[in-house]
Every structure is written in structure tokens, then in C-alpha cells.
Amino acid sequence: MSGRPTNARLVALAAAAFALFNYPLLAVFDTDALVLGLPLVWVYVLAVWTLLIVLVGLTLRDR
Amino acid sequence: MVPTWVVVVVSVGYLGLLFAIAYAGDRRALAGRSIISNGAIYALSIAVYATSWTYYGSVGSAAEGGIAWLPIYLGPMVVVTVWWVVLRKIIRICRRDRITSLADFVASRYGKSQLLGGLVTVIAVLGLVPYIALQLKAISTTFTILRDEAGPAAAPVGSVPVLQDTGLYAALLLAAFTIVFGTRHLDATERHEGMVAAIAFESLVKLVAFLVVGAWVTFGLFDGFSDIVARAAERPELAELLTLRTTTGYGTFFWLTVLSMLAFLLLPRQWQVAVVENVDEQHLRTASWLFPLYLLLINLFVLPIALGGLLIFGDDVDADTFVLALPMADGSPLLALLVFVGGLSAATGMVIVETIALSTMVSNSLVMPLLLRSRGIAGGRDLGRLVLLVRRVTIVALLLLGFAYFRIATDALGLVQIGLISFAAVAQFAPAVLGGLYWKGATHAGAMAGLVAGILTWGHTLLLPSFSDSGWLPRSLPVEGPFGIELLAPYALLGLDGLDPVSHAMLWSMLANVGFMVAVSLAGGARPVERVQAAVFVDAMRRPRGPGDTVLLRGTTTVGALQGVLERFVGPGGAREALDGYAARTAADVGQDADADADLIHHVESLLAGAVGTASARALVSTVVTEEPLGMDEVMEILDEASQVRAYSQALERKSAELEEASAELRRANEQLQELDRLKDDFVSTVTHELRTPLTSIRAFSEILLDNPDLDPDERHGFLRPIVDETERLTRLINQVLDLAKLEAGGVEWHLAPVDLREVVTAATTASAQLFRERDVALELDLPTTLPDVTADSDRVFQVLLNLLGNAVKFADPERGRVRVGLSVHAGEVQVDVEDNGPGVPEAERKVIFDKFRQGGDTHRDRPAGTGLGLPISREIIGRLGGRLWVGERPGPGATFSFTLPIARTEPS
């Protein structure tokens, strides 16, 4: 029954993803500032996106 | 700029390539060497999510609202994280019940309801025809732009006559492709490997094409990302695209995320590739990170292209066409052609999969149930061909409908707007599907009410306004409301304004949908079949397929009748094969007149479900099965039992593992006990037998003496001698039995002390000297001059030695008998060898001579001289003293009995 913690982790990840992609966290990064010449909010979304892909991949990698 | 014939040749050539790939995929599947059976291909096929809406529309959307286009891809990212939880469950349910479409899923969950399946189908078709139209529009528009001498700026959509419109020919070609690879034969699983292979290939093409053009714009036309951003930041109207708050509200962002989450899960084409075409649920592991990575990549250059297009064209060119217009304007026809092919991939992929999925829904959930109601067709032969025909007609009809919609209605709407209307329509399935997946209380009536309420709200708040935009209804309608009733205004229902149309529609439709579904479900009851299906669906992950599944099918019919039904869909050969397969698995009787058991009925129903949908399959089977209705009480009993059993099953599983272990231990102990018991019985019977033999002779001799009182003293002595001997033997036997019993029970007192074995050997040989003389056996002592003491009980060792010497004498050569006793020292032990020159112990007897009452030699031929307890007792004694007693393994004449005793630890002095 090793599936249970995996499921819980994934659900938590989904909740985190939804929160990170929405108000108010999104608004925090929604400024005129540029990072490496790119809009902060854009960089933020791409970074979270990449992180999520990595975390999902790690959670579900074959054991 | 690009000659028409080139564009046509490239397009047709590309579609030809797709045909080839699909053909190869089907061939490989037939040969059992699936090319799509891996996680990467699975992820790529799911990327059919990225249509021409993504390919062209994202840029258009970004040009209007900055990163407002992103929620459409962030939603899927959120959903993908729980794929392993949610989608796996759906896949499992569908695989088990052979559910092949979304409509079938909903129908099956709510009691195999034809009505609900039909409703879902109608909503799906209604919602998705505009989406298909959108793809055709993209193909047609880009085709026109690509060949148009006048350049991208002047590309009025729909300005060409119908028969010259590329969209029409694209639609017809796609219909041909879909029919060939989507409806070739009627298959119980509805999987189309060739089609999936082609779709995966298309996903790759569109990604590569978009990345190439994106990189070209970013690094070719401009000097990297930051250059585009820096230049855009200088222009106020572009600078506001760099943040979210000025363009799109967070509320809109939220609702778009929710919308795309639901749509991603519930779009028929996503359902088709993710659920129906899934080969192995383990592929989800790879796809769960690979697919979001695909989405990330295909979105990487959207903002740069949008900003770049705006910087170069300003408002002169429709932003939806930037992707193509930029290479065209730059005079790069080859790149433009690549972009066009990428766009073609995006559009055709979506159209192919969507029409296959919809045609399955239309045929299985809409047309077949209607046809089956009319008696004439239900009785006809070969319904399988009819199903296929219905699907083919549906595919052509859908594409023509899409084309018509595109020609008539899409002028006024952007790609994204059309797409969102479709998304919002399929989002209405969410409460019924997700609710049904996790809430057992959701009922048929509830799902029905929710769907109807949701779709009506959708129609009023999104579809109706789109008609106004197209000019079919007054332009003022969305804001002022129908007949001037402001409370009913589609964009501000009940006066709720301040939201954009999509958020507004989602808010109200979801509220209505969920509200009605919950309220009606809680208000009313559910039929037995609904309750069973609810349990089957909600507990899908915990519940292996079992006899409980067939519990509601208490019908009677014959195998022949079922075969008749099956034949009409899969042909006589297929039907026979299916039944034989079943018989081989279950050993059931599948003769024509045999009674079909509940499992077989269920099996046939699920086979049919793959071909015509669960609801129709139920209806078909019930035409030949006389069902005995189950009472509500009975069903509840079964369900209660079932759910209790499930609740405990996990704990039970654990317990049963422990129990198994314990019982194995017990079994071992029991076997040992039984063996001991058997030994004891043997022992008792042997002892009594051994006692009887001397008693018999004592009695016989005594009777002779009693009957003949006048015997002379010599004769009398001859009879008395054996009596005394036998009595002695009896005494010895009884003593030894007692001795052994005491030894084994541990009731012997051991007087352990350092013992010099030489002394004991000498004493023992002296004691048995008489015996040696009687038998004329030579004794040879081989004693070392120094020997360490052993720890032992000298009396007991003496007893063992006597026994061994006795045996040696007994078995030594009768003519020139010789016995040797040797002492030697080995690692920490002193070894005593008693060697004779008799026949030796045969290999087969080496083990058994240490068993009680087993004596060496042929007991039938010569009368045994001993009691058969000497060696067992000796071995017991030596064992207790911490040594070993064994017989030498050497073959041939002469036996050597050896034992060891541990050397006494000398106290350090």
C-alpha cells in the first residue's frame, strides 16, 4: 500500500499549484519589475511551472 | 508569396504522411508490436490538447491581454499533478466496464441511463462543433494568407466561394482519414493505435514548428527575450501587457484556470487519448511530467511572438495570425511553410480525435438507443455494420457542420472566444463526472438536473451573446437582456456585473449545475442499479472485479440466446470465439441450450458495451434475459454487506498475511507433533512386542516343567536356563526403556566431573573381558600416553562403552574376531573409536540403527541378540554430555562406532 502517501503528495502538489498560480500569491509577483530583462510575473509562473514538473516527476518516478 | 500548388502539395503530402504513419501503427498493432505502448507517445498523444487555438490563438490572446492566455495551460498543469489519482481511477473503471466515451461513462455511473448518455452527447456536439469550426477556420485562413499575393494584412476570412475554400477540402480529407483509421472495424476496446501514432507525430511537428518560429522571432528578428521586452516596455500600450493586473483581472485568471482544468479532463478528445487509448496506466508516470513539459515548451515563445508582432505590425494584422504573418512579412517562405504545416498538425490532430470521440458518443449513446427501441432494427442481423455506418455518417456530418458554422458564424469571434465557449460547455460535465467519481450519493436525477441547469445557463450567458456578436440577434441583447428585461441580461444575470463574460458564465453555470445536482440528489432516492453503479465507481480503486458486480443481474436465459445477440455485432465467428474464450477461463458450460450464469450475462453485456455503449448493451441483453427484479431490501443488504466487507478488507489483508505466517508455523509444529505421536505409538507397540517374545518362551518352558514334574535334573536345567536368560533379558529391556524414558524426559542426574577416558576404557574392557573370551575375539587397545580429561559422567560413559563393546563383539568376525578401541584428540574434543572386523553397517542402515528397536542385521534371519535400545540410549547420553555418536561412513567390512566428548577446561592456575 505504498500508493497512499504518493496520492496524498500529489493532491497536496495540486493544491499548491492552484494556490501558486492564483491571487493573492500571483499578485505579489505581478509588478513592473524585470528579472533578467523579463517581466517578473512571467518568470515567476515559468519557475513555478518548472518546479511542479520536477516535483511530479520525482513523486511518480518508478521505484 | 508561396505558390498555391506548393501549399497544396505540401498539405496533401503531409496528410499522406499521416496516413502512412497511421497505417504502419495499425499494422504494428495487429502484429502485436505496438509502437504507441510507451509513456512518451502517450504524453505526445495527449498533447492533442494544443490545437490551432494554442498554435495561433495564444499569440492573439497574449497580444490582447499579456499573460492572460496562460491559465489555459496552467489549469492542465494543476490537473496533471493529480492524474495519478483521478485519471487512473477513471481509466480503471473504463477498462473494467469497457466504457468507451465520456457519455457512456456518465450514463453508466448513473444506472446505465440512456437518457443521460444522450444528453451528454447532445451537449458535447453542441459545444464542440464551434471548436471544430475553429480548426477549419485556422486551416482555411492560414492557407489563404500563405498563397495570397496581397500579403497577410488583407486576408478576409470567408471571402472565397465555398467550393474554393480550403476549409471544405480539409474537412473532407480529415473525414476520410478519420473514417479510415477511426472506424475501420468494431472493436470492444475502441482503441485506434494507428490514429494515436499519427497524433503523437503531429504533436511533435507542431511543437518543433512553433519552437523554430519562436526562436527565429526572438533571436532572429530581435535580440533575445530581454530585447523584445525592453522595446515593448517603451510603448505604454505594450508595457501593460507585461503585467496581469492592468489587463486581465485576477478573477478572470482564476476562472480561466478552473475552466481549463475541467475542460482538460472532460473534452471528448482528451478523454479519448487519455482514457480510451491508454495502453497501460503505468504510462501516466511518464506522461505526468512529460506532458506539462510539452505545454511549457510550446508556451515559451508565445509572449515574445505576440510582443514582436505588435512591435512590427502594430494593429494592422490580426494578432491571431502573427505566427504565420511574421515569416511572411520577412520574406521567409520556407519558414512560413513550416509554420503552416505546424498549424495544420495542430488543427488536424484536434479534428481527427474529436470527431472519433464524438462519433462514438453519437452512435453509442444517441443513435443506437433510439434504433434499438424500434423493434424491426433490434431484430435485424449484423448490427455491427450499422454501428460503423452510423459513426462514419456522424464523422462526415460533424465536419460539414463545423465547416458550415465556420462559414456562417465565426467571422466576428476570435479563436480564443470560440474555444472558451466550447470549454465552458464541456465543463458542465464536471459535477456529474467528478461528483459521480467520489460521491456515492450523486443520483441520476441529480446529475440530470445539474446538467440541464448548467447547460441552460451556459446557453443563455455565453452562446446567446455569441449569436449577437455574429449579428443574428440584436447587439444590445447581452447587456440589456431579452425583451429589455435587465435582470436576465446574459452578461449581467440578476444584475451581477463587473465580471468578464466567461467568468460570469462559469460562475452562474457552475452554481446552477452543482447546486441542482446536490440538491436533487439529496432530495430524492436512487434506484438499486444506480446504487450499485455508484459503489462500483466510487470504490473502483479498492475493489477488484468480483462476483458482486453481477449481483443485480438475476436473470435467466440460455447461452444460445446470448450468442444470438452477440453475433449481430461481432459476427458468428467473433461470438463463438468470445464464448469459447469465456468457457476456457471459467470452465463454464457454453453449449447452446445451457443456462447462462450471471457472470456470463455480465460478460456478454460488457463485450457489447465496448461496441455500442453500456446503456444500449444493457437494453440489448435485457431483450433476451428474463430478469427477476431484486427487491430494494435485498439490494441494500448486498450493498451494506459489500461496503462493510470493503471497509474491513484492508485490515483483513494485513491480518491474513500475519495469520498465514502463524498458521505456517502452527502447521510445522503440528507436523512435528504428529511425527512424535506416531513415534510414540511405534515405540509402545514395539516395546509390547519385545516384551511378548521373551514372555512367550518363559511361558512355554514353564508349562513344559509344570506338565512334566518327573524330568531328570539335567533336562530340567535345560528348560530352566532359558527361563532365567529370558527373564534377565526382560529385566534388561524394562530397565533400558525406563532409562531411555528418563533420559529423554531429562530426569537423569548427571554427575559431571573431569574424567580420564583411558581409565573408563580400561574399566569397560575389563568388565567385558568375559564376553570377549567367550566369543574368542581379540581386543586391541590403542591408548595414548597423555590425554586431557573430558567433562563427563564416568558411569554413563562406561555404560556407552559397554554397549559399543558388546555390539562390536557381537558383530565381529566369528572366525578371527578382532576389536580395536582407540583414543585420539581432536579440536577441543577427545574421540573414542570402537572398531570391529565384522560385516560393517550397510549404508542404508547407518541412520536407522540409532532409532529405537532397530537393530543391525537381518532381524528375520537371525534372532536379535539385543534389545534394540542400546544405541539410542548411548546416543542420547553422549548428546547430553555435549558430544556426538556416529557410525563411520567407510564402506566395506568392519564397522567403526565413534563418539566424542568435550575436553574439560583446565582452570588457570
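Residues numbered from 1 in each chain as written. Chains lettered and ligands numbered in written order. Predicted model: local features only at pLDDT ≥ 70, side-chain atom pairs only at ≥ 80, totals over all residues. Heavy atoms only, no water.

1. Points about helix α16 (residues 322–329) of chain B
Residue and element names in this part refer to chain B. Here is the rule we go by: Burial here depends on accessible area, computed with a 1.4 Å probe over protein chains only, as a share of the maximum for the residue type. Under 20% is buried, over 50% is exposed, and the range in between is partly exposed. Helix and strand assignments follow DSSP, with helices taken as H or I runs no shorter than four residues and strands as E runs no shorter than two, numbered in order from the N terminus. Contact criterion: two residues are considered in contact whenever any of their non-hydrogen atoms come within 4.5 Å of each other.
With 7 of its 8 residues buried, α16 lies for the most part within the structure. Against the buried residues of α16 lie α3 (52–65), α7 (114–147), α9 (193–221), α15 (302–313) and α17 (333–373). Where α16 terminates, the next one or two residues include Gly331, which has phi positive at roughly 75°.

2. What about the packing of aromatic side chains?
Residues and elements named next belong to chain B. In plain terms, the rule: Between rings of Phe, Tyr and Trp, where Trp is taken as its six-membered ring, a pair exists when centres lie within 6.5 Å; planes separated by under 30 degrees are stacked, by over 60 edge-to-face, and by other angles tilted. Two conditions define a charge sitting above a ring: the NZ of Lys or the CZ of Arg must be within 6 Å of the ring centre, and it must be within 35 degrees of the ring normal.
Here the structure, examined in full by the defined rule, presents 28 aromatic pairs over all chains. Summarising the aromatic geometry, the rings of Tyr49 and Tyr73 are spaced 6.1 Å apart at their centres and angled 80° between planes, so their arrangement reads as edge-to-face. Here Tyr73 lies in helix α4 (residues 71–81) and Tyr49 lies in the loop between α2 (39–46) and α3, a separation of 24 residues in the sequence. Overall, Tyr73 belongs to the buried group, its relative accessible area being 2%. Ring centres of Trp53 and Phe423 lie 4.7 Å apart, and the angle between their planes is 70°; on these two criteria the pair is classed as edge-to-face. Here the residue Trp53 occupies a position in helix α3, and Phe423 occupies one in helix α20 (residues 415–427), the gap between them amounting to 370 residues. For Trp53, a relative accessible area of 4% gives the class buried. Given a relative accessible area of 1%, Phe423 falls into the buried group. An aromatic cluster is present here, built from Tyr49, Trp53, Tyr73, Trp83, Tyr131, Phe264, Phe291 and Phe423 joined pairwise through their rings. Residue placement shows Arg88 over the ring face of Trp84; its charged tip is 4.1 Å from the ring centre. Sitting over the face of the ring of Trp750, Arg796 holds its NZ or CZ atom 5.9 Å from the ring centroid.

3. Description of the interface of chain B and chain A
Definition in use: As used here, buried area is the combined drop in accessible area, with a 1.4 Å probe, of two parts when they are placed together. Identification of polar contacts relies on pairs of N or O atoms within 3.5 Å, with a donor-acceptor requirement for protein atoms, meaning one able to donate a hydrogen and the other able to accept it, and with residues adjacent in sequence counted only if both atoms are side-chain atoms. Residue polarity is assigned by list, with Asp, Glu, Lys and Arg as charged and Ala, Val, Leu, Ile, Met, Phe, Trp, Tyr, Cys and Pro as nonpolar; anything else, Gly included, falls into the polar class.
With 38 residues of chain B at the interface, the matching set in chain A holds 37 residues. Across the chain B to chain A interface the summed buried area is about 3300 Å²; carbon plus sulfur atoms make up 74%. Contact with chain A buries surface across chain B, with Thr81, Tyr250 and Arg285 of chain B losing the most and accounting together for 19% of the total. Applying the counting rule to chain B against chain A returns 2 residue pairs in polar contact (both at pLDDT 80 or more). Counting residues per element, the ones that place at least two in the side of chain B that touches chain A are α4, α5 (83–97), α10 (225–234), α12 (250–266), α14 (283–299) and α15 of chain B. The greatest single-element share of the side of chain B that touches chain A, amounting to 9 residues, is contributed by α14 of chain B. Residue composition of the side of chain B that touches chain A, grouped by class: 28 nonpolar, 7 polar and 3 charged.

4. Focus: the sheet that holds strand β8 (residues 885–887) of chain B
All names here are of chain B. Heads up, the condition is: The pairing criterion for strands is at least two bridges between them, as found by DSSP. Only the stretch in contact is used when a helix axis is fitted, and all axes are lines through C-alpha atoms; the angle between N-to-C directions ranges over 0 to 180 degrees.
Reading across from one edge, β4-β6-β7-β9-β8 is the order of the 5 strands in this open sheet, with mixed pairing throughout. Edge positions in the sheet fall to β4 (778–782) and β8, since each has one partner strand and no second. Sheet twist, expressed as the average angle between the axes of neighbouring strands with direction ignored, equals 15°. Alignment of β8 against strand β9 (residues 896–902), held across 3 bridges, turns out to be antiparallel. By the bridge assignment for β9, Leu885 is matched with Phe899. Across the sheet, helix α31 (residues 757–767) is in contact with β4, β6 (818–826), β7 (829–836) and β9; its angle to β6 comes to roughly 170°.

5. Describing empty space enclosed by the protein
All names here are of chain B. We apply this condition: Note on definitions: the grid is 1 Å and covers protein atoms alone; a cavity is a set of points where a 1.4 Å probe fits but cannot get out; a pocket is an open set with protein on both sides within 12 Å along at least five of seven lines; lining residues have an atom within 4 Å of a point. Grid points are joined across faces, edges and corners, and a volume is the space filled by probe spheres set on the points.
If you walk through the whole model with that rule in mind, you get 7 cavities of 30 Å³ or more. Size it by volume and the second largest cavity reaches roughly 50 Å³. Every residue along the wall of the second largest cavity is listed here: Trp83, Leu87, Phe264, Leu265, Gln270, Trp271, Ala274 and Val275. For the lining of the second largest cavity, the element with the most residues is helix α13 (residues 268–276), which contributes 4 residues. Classifying every residue of the lining of the second largest cavity by side-chain character gives 7 nonpolar, 1 polar and no charged.

6. Re the confidence of the model for chain B
Stated formally: Each residue carries a pLDDT value, the predictor's own confidence for that position, ranging from 0 to 100.
Of the residues in chain B, 89% reach a pLDDT of 70 or more, and the chain-wide mean stands at 83. Taken as a whole, residues 150–155 of chain B scores under 50 in pLDDT and shows 6 contacts with residues more than four places along the chain or in a different chain.

7. Details of α3 of chain B
Residues and elements named next belong to chain B. Applied cut-off: The span one expects for a helix is its residue count, reduced by one, times 1.5 Å. The bend reported for a residue corresponds to the angle between axes fitted to the seven residues ending at that residue and the seven starting there.
If you check α3, its first and last C-alpha atoms are 19 Å apart, about what 14 residues at 1.5 Å a residue would give, namely 20 Å. Considering bend angle alone, the principal kink of α3 is centred on Ser58 and spans about 35°. For α3, the buried fraction is high: 13 of the 14 residues fall into the buried class. Residue Gly66 follows α3 closely and has a positive phi angle near 65°.

8. Some thoughts on the pattern of salt bridges
Pairs may arise between side chains of opposite charge once their charged atoms sit close together. Residues and elements named next belong to chain B. Here is the rule we go by: Salt bridges are defined by distance alone: a side-chain nitrogen of Lys or Arg within 4 Å of a carboxyl oxygen of Asp or Glu.
What the rule picks out here adds up to 20 salt bridges over all chains. Between Lys112 and Glu605 there is a salt bridge; the shortest N-O distance is 2.8 Å. Highlighted residues: Lys112 in the loop between α6 (102–109) and α7 and Glu605 in helix α27 (residues 598–612), separated in sequence by 493 residues. An identical accessibility class is assigned to Lys112 and Glu605; each is buried.

9. Here we look at the nonpolar core
Going by this rule: Residues grouped as a nonpolar core are buried Ala, Val, Leu, Ile, Met, Phe, Trp, Tyr and Cys residues, joined through side-chain atoms within 4.5 Å.
Counting residues in hydrophobic clusters, the biggest one holds 207 residues, and the most contacted among them are Trp49 of chain A together with Trp83 of chain B. It is α7 of chain B that provides the largest number of residues to this core, a total of 18 residues. If you look at the next biggest cluster of nonpolar residues, it comprises 45 residues, including Val748, Ala792, Val819 and Leu871 of chain B.

10. Digging into the packing of helix α3 (residues 40–60) of chain A against α14 of chain B
Operational definition: In these notes the angle categories are as follows: under 35 degrees is roughly parallel, over 145 is roughly antiparallel, 65 to 115 is roughly perpendicular, and the rest is oblique. It is the rotation of the near helix from the far one that decides the hand of a crossing: anticlockwise by less than a right angle makes it left-handed, clockwise makes it right-handed.
One can describe the packing of α3 of chain A onto α14 of chain B by two numbers: an axis separation of 8 Å at closest approach and a directional angle of 165°. Comparing their axes, α14 of chain B and α3 of chain A come out roughly antiparallel. When the axes of α3 of chain A and α14 of chain B are compared, the crossing they make is left-handed. Contacts between α3 of chain A and α14 of chain B involve Leu46, Trp49, Thr50, Ile53, Val56, Gly57 and Leu60 of chain A from the former and Leu284, Arg285, Ser288, Trp289, Pro292, Leu293, Leu295, Leu296 and Asn299 of chain B from the latter. The residue makeup of the contact of α3 of chain A with α14 of chain B, split by class, is 11 nonpolar, 4 polar and 1 charged.

11. As for a nonpolar patch on the surface
Put simply, the test is: Patch criteria: residues need more than 30% relative accessible area and no salt bridge. Like-charged residues are merged within 9 Å; nonpolar side chains of Val, Leu, Ile, Met, Phe, Trp and Tyr are merged within 5 Å. Throughout, the Shrake-Rupley method with a 1.4 Å probe supplies accessible areas, and for residues the shown protein chains are the sole cover considered.
Residues Val162, Leu163, Tyr169, Leu172, Val396 and Leu400 of chain B make up a contiguous nonpolar surface patch of roughly 510 Å² in combined accessible area. Contributing elements (two or more residues each) for the nonpolar patch: α8 (166–182) and α19 (383–409) of chain B.

12. Examining unusual backbone geometry
Residues and elements named next belong to chain A. Cis geometry marks the peptide bond from Tyr23 to Pro24; its omega dihedral reads 5°. Mapped onto the elements of the fold, Pro24 is located in the loop between α1 (3–20) and α2 (25–28). Backbone geometry places Leu36, a non-glycine residue, at a positive phi of 55°. Inspection of the secondary structure assignment puts Leu36 in the loop between β1 (34–35) and β2 (38–39).

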